[in-house]
2 protein chains.
Amino acid sequence: MDTYLAVDVGGTQIRAAIYPSEGVHPLTVKRTTTQATTADGRGNTPLERLLWLIDSLWEAEHPPKVLVVAAPSPVNPHGVVLEAPNIPGWVNFPLKDELQKRFEVPIAIGNDANLAALGEWKFGAGQGHHHLIYLTISTGIGGGVIVNDQLLLGDNGLAGELGHITVLPDGPACGCGHYGHLEAVASGTAIARWVEEQIAQGRPTTLGNTLPITSKQVAQAALGGDALAKEAIQRAAHFLGQALADFIHIFNPSLVILGGGVAQSGALLFEPLRQSIHQHIMAPGFLERLEIAPAAFGDEAGLIGALALGRSLISSGAINK
Amino acid sequence: MDTYLAVDVGGTQIRAAIYPSEGVHPLTVKRTTTQATTADGRGNTPLERLLWLIDSLWEAEHPPKVLVVAAPSPVNPHGVVLEAPNIPGWVNFPLKDELQKRFEVPIAIGNDANLAALGEWKFGAGQGHHHLIYLTISTGIGGGVIVNDQLLLGDNGLAGELGHITVLPDGPACGCGHYGHLEAVASGTAIARWVEEQIAQGRPTTLGNTLPITSKQVAQAALGGDALAKEAIQRAAHFLGQALADFIHIFNPSLVILGGGVAQSGALLFEPLRQSIHQHIMAPGFLERLEIAPAAFGDEAGLIGALALGRSLISSGAINK
């Protein structure tokens, strides 16, 4: 049986899964931490640990048709990881070449959010759409866009950085070093930081004074009726709606998919978000056929995205069957 | 000989040109005002005048292979002009159907800025690029994007509204009714309005007190060393650079083309614009292969864009030869 080996490298853990030729249910899943906490025999660097994980799943007599790795970084067309802030040493890191030294199967590397968009389009919430925007809102904000039934990659594979548009000039610092980006005002990190600032200024809340506060705590407090927590989510939703209106004016998609931990807040986020989109959209025609939907896949979005890329590389003939 | 009939409908005038099967030099060009100023026998409504202009060029024995009209509005896939603010009565206006009643050749309608992007890509500054952004900066700001060698149209033909992204929340009102859009802070109209506001507040300038001031006057005063005029252009360039950094993060193009009257200011605009892009870009990889170039075509951008669409409809087989 043909199999596909998908790997998702995150800042905390690396996951690998073997998938069959059909469907999205893995035959095997295995994981390890990205960095060694003890001498666990799995290697010291993220690359060594990635190699260990793949080795431990590898069946030499039945190698996969293709190995695809999702990385938390822009990735260029040569499989070079340009800058993964959460993975020590992965700056201009030739991941594809490193893997190809060890494994003699076709290998592809992609940005995790781009691949998640591809996965949602092929197997999840985006099936049947030709133009869609995928946004994942968690620690940071990542994005991926399907245009004319193709993943938007751009000239050098860097496209789809939807978290890094300026929504509030002179706003808070972003993880990328710039100011007022969408990620800096609407990610889980940004929500939690804003609440901490408000508490420091003396605003009352049920959240208590134990720092740091997490965006999950904020969501729970908001569900419990805490006014400050509700305002924090509404504020993030306002900027998300402003940015999504921008993206809708740019792409005119038929679907916006929202993934990541923050998007699991449900109506708490989606209601003010819809209001903000309506408030910011320039003409009703953009909304006539537009759906806004939660992502179908959660933590496994990167793996399923890697699977989607692997399958499409085989079916398109880009990689020989 | 095969010919192509291209028409560009603007708020002030309508231009029509017959092109041969090769090249971008028209065989014939003819124009009329969009609205009747006197009883000139060309019709009273913009549609009547458009029909008159086409009729006057029409050779019944040698009809064109295709008739393409560029309109100053989003246009849906059925050739309906959704909202042309400068053309009375053209709201949800079925232009393609109206033309098809009279002319029995294949007809296509497109947004003028989208078509201009297509024209620059096929015949102008964008030749050889696979991913480019085109921005036209004049009274308003229009845009068009080429992604993977295709014009970005979106689900309903409305994509590419690059002038309508929010760059300054709570900023000045935009022509579309919203606030702080790129068009509202960096178009020719916005530049002139900002200078007028500064003069009203008592800022010294060589521009004099005769209102209204035009963006062309501002550009000339800036070239002459006027500090207020220079600041006005630099301010627009700053916001253009911020928005272009957004677009570059989203699309990762290899080329940005700037057209329209304001882009003719040369180094006066381009120098601070380049600085602003560098200031706002999140990673140097986005700039490695990026070129920024002035448009090859000026006033004829819409006509040449319509020609480009006509040729591609024929060569792709979308319209029968």
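This section reports on the structure supplied with the text. (Residues numbered from 1 in each chain as written. Chains lettered and ligands numbered in written order. Predicted model: local features only at pLDDT ≥ 70, side-chain atom pairs only at ≥ 80, totals over all residues. Heavy atoms only, no water.)

It is worth spelling out the interface of chain B and chain A at this point. Across the boundary between the two partners, chain B contributes 42 residues, which contact 41 residues of chain A. Surface buried jointly by chain B and chain A totals about 3500 Å² across both partners, of which 56% is contributed by carbon and sulfur atoms. Together, B:Asp155, B:Ile250 and B:Met282 form the three largest contributors to the area buried by chain B at its contact with chain A, with a combined 20%. Linking chain B with chain A are two salt bridges. Joining chain B to chain A, the criterion identifies 26 residue pairs in polar contact (both at pLDDT 80 or more). Those elements giving two or more residues to the side of chain B that touches chain A turn out to be strand S10 (150–151), helix H7 (227–251) and helix H8 (267–280) of chain B. (Contact = heavy atoms within 4.5 Å. Buried area = accessible area lost by both parts, 1.4 Å probe. Salt bridge = Lys/Arg side-chain N within 4 Å of Asp/Glu carboxyl O. Polar contact = N/O pair within 3.5 Å; in protein donor to acceptor, adjacent residues only side chain to side chain. Helix = DSSP H or I, 4+ residues; strand = E, 2+ residues; numbered from the N terminus.)

Looking now at the state of the cysteines. Residues and elements named next belong to chain A. Per the stated rule, a full pass over the model turns up zero disulfides over all chains. No disulfide involves Cys174; its nearest neighbouring cysteine sulfur is the one of Cys176, lying 3.9 Å away. Relative accessible area serves as the criterion here: at 23%, Cys176 is assigned to the partly exposed category. (Disulfide = S-S within 2.5 Å. Buried < 20%, exposed > 50% of the residue type's maximum accessible area, 1.4 Å probe, protein only.)

Mapping between the two copies of the chain is achieved by a rotation about an axis and a shift along the axis. Once chain B is rotated about the relating axis by 180° and shifted along it by 0.0 Å, it coincides with chain A to within an RMSD of 0.0 Å. One copy is carried onto the other by what is essentially a two-fold rotation axis. (Least-squares fit on C-alpha atoms with pLDDT ≥ 70 in both.)

What follows covers the packing of aromatic side chains. All names here are of chain B. Considering all chains together, one arrives at five aromatic pairs over all chains under this definition. Measuring from centroid to centroid gives 4.6 Å for Trp58 and Phe103, while their planes differ by 35°, and the two rings are tilted. Here Trp58, found in the loop between helix H1 (46–57) and strand S4 (66–71), pairs with Phe103, found in the loop between helix H2 (95–102) and strand S7 (107–111); they are 45 residues apart in sequence, far enough to count as distant. By relative accessible area, which is 22% here, Trp58 ends up partly exposed. Plain terms: the ring middles of Trp90 and Phe93 are 5.0 Å apart, the flat faces sit at 10° to each other, and that makes the pair stacked. Accessibility expressed as a relative area gives 2% for Trp90, which makes it buried. On the basis of relative accessibility, which here comes to 14%, the residue Phe93 falls in the buried class. For Arg311, the ring lying beneath its charged end belongs to Tyr4, and the centroid distance is 5.2 Å. (Phe/Tyr/Trp six-rings, centres within 6.5 Å; stacked < 30°, edge-to-face > 60°. Lys NZ or Arg CZ within 6 Å of the ring centre and 35° of its normal.)

We now examine the environment of B:Gln275. Residues and elements named next belong to chain B. With respect to the helices, strands and loops of the structure, Gln275 is situated in helix H8. Of the residues examined, Gln275 reaches a relative accessible area of 57% and is grouped as exposed. For the pair Gln275 and Gly302, spaced 27 residues apart in sequence, the C-alpha separation works out to 30 Å.

Let us now look at the pairing of strand S1 (residues 4–9) of chain B. Residues and elements named next belong to chain B. The buried fraction of S1 is high, at six of six residues. The alternating pattern of S1 places Tyr4, Ala6 and Asp8 on one face and Leu5, Val7 and Val9 on the opposite face, and all of these are buried. Direction of pairing for S1 relative to strand S2 (residues 13–19): antiparallel, over a ladder of six bridges. Opposite Leu5, over in S2, you have Ile18 as the bridge partner. Between S1 and S2, which pair antiparallel one after the other, the connecting turn spans three residues. By the bridge criterion, five bridges tie S1 to S4 in an arrangement that is parallel. (Pairing = 2+ DSSP bridges.)

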